[in-house]
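Take a look at the letters that make up each chain.
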Amino acid sequence: MINVVSFRNLPSKCGYKDIQCLLSACGIVSRKIKKLTEVAYVTFRNEEERERAVNLLDEKCFKGCTLKVSEFHLKLEPSASSTNLMVHPMRYLIHVFHA
């Protein structure tokens, strides 16, 4: 299982550090954060941290915006290497969104 959460409806001036501070303030430890224009993807070391992030932060008001936080599910393309994906899920996300 890939422990990735998507953050949507982020404030326009929200950056990597803002997301990191939000997680820290809630006592949630993230592994990696990838902030794109309108969405951020955060990986966690285990399922428990991922579920805790979703439960605590979904529908939370953050800098005037109501966050939409949910588990991220990959939609595999036939050409995607499942072996590479299981080892490096964030590399796959970066490839997909910057292609």
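All figures in this text were calculated on a predicted structure; none of them were measured in a lab.

A. Summary view of the overall build of the protein. Regarding its fold elements, the protein presents four helices and six strands. Secondary structure elements of the protein, listed N to C terminal, follow the sequence β-α-β-β-α-β-β-β-α-α. Counting all 99 residues of the protein, 36% fall into the buried class. For the protein, the proportion of contacts with a sequence separation of at least 24, taken over those separated by at least 6, is 60%. Carbon and sulfur atoms form 50% of the exposed surface of the protein, whose accessible area is close to 6300 Å².

B. Inspection of the pattern of salt bridges at higher detail. Under the criterion given, the structure shown has five salt bridges. Across the salt bridge formed by Lys63 and Asp18, the nearest N and O atoms sit 3.0 Å from each other. Taken together, the residues Lys63 in the loop between strand E4 (61–62) and strand E5 (65–66) and Asp18 in helix H1 (residues 16–25) connect sequence positions 45 residues apart. For Lys63, a relative accessible area of 53% puts it in the exposed group. Residue classification places Asp18 among the partly exposed residues on the basis of a relative accessible area of 23%. One salt bridge in this structure joins Glu59 and Lys68, with 3.0 Å as the shortest N-O distance.

C. Expanded view of helix H2 (residues 47–57). Along H2, the residues classified as buried are Glu49, Arg50, Ala53, Val54 and Leu57. Seen from one end, H2 has its buried residues packed into an arc of 135°, which puts them on one side. Pointing more than 90 degrees away from the buried face of H2 are the exposed residues Glu48 and Asn55. Two to three positions downstream of the cap, the backbone nitrogen of Glu48 sits 3.3 Å from a side-chain oxygen, assigning the N-cap of H2 to Asn46. One or two steps after H2, the chain reaches Glu59, where phi turns positive at roughly 70°.

D. View of the pairing of strand E2 (residues 32–35). In terms of strand pairing, E2 meets strand E3 (residues 39–43) through four bridges, oriented antiparallel. From the neighbouring strand, Ile33 faces E3, where its bridge partner is Val42. Adjacent in sequence and paired antiparallel, E2 and E3 are bridged by three residues.

E. Region of interest: H1. For H1, the full list of buried residues reads Ile19, Leu22 and Leu23. In an axial view of H1, the angular spread of the buried residues amounts to 95°, which keeps them on one side of the axis. Projecting away from the buried face of H1 at angles above 90 degrees are the exposed residues Lys17, Cys21, Ser24 and Ala25. Elements that come into contact with the buried residues of H1 comprise strand E1 (4–8), E2, E3, H2 and E4. In the segment just after H1, Gly27 is the residue with positive phi, at about 75°.

Procedures and definitions
- Residues numbered from 1 in each chain as written.
- Predicted model: local features only at pLDDT ≥ 70, side-chain atom pairs only at ≥ 80, totals over all residues.
- Heavy atoms only, no water.
- Helix = DSSP H or I, 4+ residues; strand = E, 2+ residues; numbered from the N terminus.
- Buried < 20%, exposed > 50% of the residue type's maximum accessible area, 1.4 Å probe, protein only.
- Contact = heavy atoms within 4.5 Å.
- Areas by Shrake-Rupley, 256 points an atom, 1.4 Å probe, with all protein chains shown as cover.
- Salt bridge = Lys/Arg side-chain N within 4 Å of Asp/Glu carboxyl O.
- Arc of directions from axis to C-beta.
- Polar contact = N/O pair within 3.5 Å; in protein donor to acceptor, adjacent residues only side chain to side chain.
- Pairing = 2+ DSSP bridges.

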